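An overview of the molecular structure
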Amino acid sequence: MSGGNGRKITPLATGRGTSGGTLQDVLDRLSVPGELWHPDGGPGDVRCVACGHRCLLRDGRRGICRVRYNDGGILKVPHGYVAALQCDPIEKKPFFHVLPGSDALTFGMLGCDFHCGYCQNWLTSQALRDTSAGAAPKPITAEAIVGLARREGVASLISSYNEPLISVEWAMEIFRLGRPFGLRTGCVSNGNATPEVLDHIRPWTDAFKVDLKAIDERSYRSLGGTLANVLASIRQAHERGFWVEIVTLLVPGFNDCGDAVRRMADAVAAVSPTIPWHVTAFHQDYQMTGPRNTTVEDLVRACETGRDAGLRFVYAGNLPGRVGRWEHTWCPDCGKVLVERFGYTILQRRVTDAGACPDCGSRIPGIWG
Ligand code: SF4
């Protein structure tokens, strides 16, 4: 069984023009009235509740994400385009406990509510803040995206590459269409959520990946968020029944100082020890070129720390073939290998479609069949 390589797909144009004006003008022409907001403050003011920033916007003002804006007392939100569309192994998201070895049609738009200096998707996420980021929006319908997913034979639809919550109404339009065809759905988020947005997406979303980027408020504020809200969102997503996986990009000197790795592992374990925790290797990117790259030893040490904190599924990412047991899924009860990987490629899958260890029958949490 193989995870395969990512394949870029050219979306079908719908005829809505994108030419003329700035990128912001183009995106505004692609915007429609949103759902996750309500009137608040003075006359014509609106409160957006799509992410933890909860922006209060006067008429004509934009949110921190720069893609949602108050247009005459109505919150306009992104719609009807993608900036990236690709078939990827689902392991690349990474989801390791969701249909291993299957492909996901992954779509992303533009903008983000954070501004992480090490962003590996900065061409899309920072397009509204950084003129050197150049991904262009391509108009497309939800029907065309789901049609592509079916033709490509993927198992899931994933909203990723930028922050899904800032364009969540559009993502849910796609998920709602895809679900009746048996497609699983997921969001790859920074976790700056609200209870309102989690309730909004829950009926149409199976899986929710959250980045836990640091374990102190100062570091989180430097990225544009708060630790408290991300930890609350992880708990709220788990309580609502999403399949949750957590990713920490281990950045030497930024989020691994002192006992920080142990405190991150403890924070995940406090929600549930069965939540998979991926510790992935940083490489110098975008504006963060100061820290050194993460080594194999850093990753393995972090994985051992996660195991010692009681986490039952800990993975090392971005250094395929070099991290020993930490790429694979092991039965936490009998210790046998359940899914053997090399990077995004599945070498062996032994967990049953019902989600059980074939040797001891233990239930393995996740979405397997
Ligand atoms: S999505 Fe977040 S950043 Fe954007 S307008 Fe809404 S609350 Fe503000």
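About the cut-offs
- Residues numbered from 1 in each chain as written.
- Predicted model: local features only at pLDDT ≥ 70, side-chain atom pairs only at ≥ 80, totals over all residues.
- Heavy atoms only, no water.
- Helix = DSSP H or I, 4+ residues; strand = E, 2+ residues; numbered from the N terminus.
- Expected span 1.5 Å × (residues − 1).
- Buried < 20%, exposed > 50% of the residue type's maximum accessible area, 1.4 Å probe, protein only.
- Contact = heavy atoms within 4.5 Å.
- Near = heavy atom within 4 Å.
- Nonpolar A, V, L, I, M, F, W, Y, C, P; charged D, E, K, R; others polar.
- Salt bridge = Lys/Arg side-chain N within 4 Å of Asp/Glu carboxyl O.
- Pairing = 2+ DSSP bridges.
- 1 Å grid on protein atoms, 1.4 Å probe; cavity = no way out; pocket = protein on both sides within 12 Å on 5 of 7 lines; lining within 4 Å.
- Points joined across faces, edges and corners; volume = space filled by probe spheres on them.
- Axes fitted to C-alpha atoms, helices over the stretch in contact; angles between N-to-C directions.
- Parallel < 35°, antiparallel > 145°, perpendicular 65-115°, else oblique.
- Left-handed = near helix turned anticlockwise from the far one by under 90°.

The next thing to look at is helix α7 (residues 227-239). Along its 13 residues, α7 runs 18 Å from first to last C-alpha, staying within 8% of the 18 Å computed at 1.5 Å per residue. Of the residues making up α7, those classed as buried are Leu227, Val230, Ser233, Ile234, Gln236 and Ala237. Along its buried surface, α7 packs onto α5 (195-201), β14 (207-211), α6 (217-223), β15 (243-250) and α8 (260-271). Directly after α7, the chain includes Gly241, whose backbone phi takes a positive value near 90°.

The subject of this paragraph is the site of the ligand. All residues in the neighbourhood of the ligand are listed as Cys48, Ala50, Cys51, His53, Arg54, Cys55, Gly63, Ile64, Cys65, Arg68 and Ile166. Classifying every residue of the shell around the ligand gives seven nonpolar, two polar and two charged.

Two side chains carrying opposite charge are able to pair once their charged atoms lie near each other. Counted according to the given criterion, the structure contains 20 salt bridges. The partner of Arg54 in a salt bridge is Glu196, with the nearest N and O atoms 2.9 Å apart. Taken together, the residues Arg54 in the loop between β4 (46-48) and β5 (56-57) and Glu196 in helix α5 connect sequence positions 142 residues apart. Overall, Arg54 belongs to the partly exposed group, its relative accessible area being 31%. For the salt bridge of Lys76 with Asp71, the shortest nitrogen-to-oxygen distance reads 2.6 Å. Lys76 sits in the buried class, given a relative accessible area of 17%. For Asp71, a relative accessible area of 36% gives the class partly exposed. Salt bridges sharing partners connect three or more residues here, namely Asp88, Lys92 and Lys93.

Counting buried positions over the six residues of strand β9 (residues 84-89) gives six, a clear majority of the element. Sheet analysis places β9 next to strand β10 (residues 103-108), joined by six bridges and oriented antiparallel. Across the sheet, the residue bridging to Pro89 is Asp103, located in β10.

Its boundaries defined by the atoms lining it, the second largest pocket holds a volume of some 250 Å³. In the lining of the second largest pocket, the residues fall into eight nonpolar, three polar and three charged.

The interhelical angle for the contact between helix α3 (residues 142-152) and helix α4 (residues 168-178), taken along N-to-C directions, is 50°, at an axis separation of 9 Å. Overall, the two elements α3 and α4 adopt an arrangement that is oblique. The crossing of α3 and α4 is right-handed. In this structure, α3 uses Ala142, Glu143, Ile145 and Val146 to contact α4, whose residues at the interface are Trp170, Glu173, Ile174, Leu177 and Gly178. Residues that form the contact of α3 with α4 fall into these classes: six nonpolar, one polar and two charged.

The strand order across the open sheet formed by three strands is β2-β7-β6, and the pairing between neighbours is antiparallel. Each edge of the open sheet is held by one strand with a lone partner, namely β2 (31-33) and β6 (69-70). Relative to strand β7 (residues 75-78), β6 runs antiparallel, the two being bridged by two bridges. Note that in β7 the partner of Tyr69 across the bridge is Lys76.

Moving on, we come to the sheet that holds β5. Strand order in this open sheet of three strands is β3-β4-β5, and the pairing throughout is antiparallel. The open sheet has two free edges, formed respectively by β3 (37-39) and β5, since each of these has just one partner strand. Where β3 lies against β4, three bridges are found, and the strand directions are antiparallel. Among the inter-strand pairings, Pro39 is bridged to a residue of β4, identified as Val46.

Scanning all chains against the criterion turns up two cavities of 30 Å³ or more. Of the volumes computed, that of the largest cavity is approximately 80 Å³. Looking at the lining of the largest cavity residue by residue, the class counts come to nine nonpolar, two polar and three charged. Approximately 40 Å³ is the volume attributed to the second largest cavity.

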